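Here is how the chains run, residue by residue.
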Amino acid sequence: MFNVDRPKIIVRTERDATSDASQQTRVWLRDHNWRTNHDFMKALSSLERDSTPLCLAAFLEDTQVGGLIATTHLRWLKISIMSVHPESQRIGIGSRLLQTAESIARARGCCYAYVDAMANQSPDFYPSCGYTTAGIIPDWDSHGHAKYIYYKKLPDPGSA
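Asker: Residues and numbers for helix H3 (residues 93-107), please.
Answerer: Here H3 spans 21 Å end to end across 15 residues, near enough to the 21 Å set by a 1.5 Å rise per residue. Regarding H3, the residues found buried are Ile-93, Gly-94, Leu-97, Leu-98, Ala-101, Glu-102, Ala-105 and Arg-106. Residues of H3 that are buried make contact with strand S1 (52-60), strand S2 (63-73), strand S3 (76-84), helix H4 (125-128) and strand S6 (147-153). Two residues or fewer after H3 comes Gly-109, characterised by a positive phi angle close to 95 degrees.

This is the structure:
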């Protein structure tokens, strides 16, 4: 066997995500993705496939009792935040917000939805709404709470 000297590797902290080194990192990944997943990158760069906000608010009479903040991008609905006022939980508001978001997402051409939630944020709710657990990250918050990642294939508009 040959004894080959390894080059000295230096790793440094950059000032922020806009530094020249950070930008170069993005270029390398983008170039790799164009070579290995051209169809996806073409769709991603299409203006009609920009991420579109989807924000909902639920009311009982004139009082807001819940809300959902999401985006649709490519064929996915990504739910970022959903919350229901504590005194209005367990009466169907979360389900209604989720159903409305999924319906709007289907109208926008989405076929899938995903969301993540902490273990202390009603982890049984999304499975009860047809979501599948894609993974669990233990102790995500370093205080013993796991993060659950859920996804769902949205039904075809004609079957809902």
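Asker: Would you mind going over the nonpolar core in detail, with residue names and values included?
Answerer: Counting 24 residues, the largest nonpolar core has Leu-68, Leu-77, Ile-79, Leu-98, Tyr-126 and Tyr-131 as the members making the most contacts within it. If you tally residues by element for this core, the top one is H3, at five residues. Here Leu-98 is in contact with Leu-68, Ile-79, Met-82, Phe-125, Tyr-126, Cys-129 and Tyr-131, once residues within four sequence places are set aside.

Asker: Break down the sheet that holds S6 for me, citing the residues and quoting the values.
Answerer: Across the sheet, which stays open at both edges, the six strands sit in the order S1-S2-S3-S4-S6-S5 with mixed pairing between neighbours. Edge positions in the sheet fall to S1 and strand S5 (132-137), since each has one partner strand and no second. Going from strand to strand, the sheet's axes swing by 20 degrees on average, the running direction of each strand aside. Direction of pairing for S3 relative to strand S4 (residues 112-118): parallel, over a ladder of four bridges. Its bridge partner being in S4, Leu-77 is matched across the sheet by Ala-113.

Rules used throughout
- Residues numbered from 1 in each chain as written.
- Predicted model: local features only at pLDDT ≥ 70, side-chain atom pairs only at ≥ 80, totals over all residues.
- Heavy atoms only, no water.
- Helix = DSSP H or I, 4+ residues; strand = E, 2+ residues; numbered from the N terminus.
- Expected span 1.5 Å × (residues − 1).
- Buried < 20%, exposed > 50% of the residue type's maximum accessible area, 1.4 Å probe, protein only.
- Contact = heavy atoms within 4.5 Å.
- Core = buried A, V, L, I, M, F, W, Y, C linked by side-chain atoms within 4.5 Å.
- Pairing = 2+ DSSP bridges.
- Axes fitted to C-alpha atoms, helices over the stretch in contact; angles between N-to-C directions.

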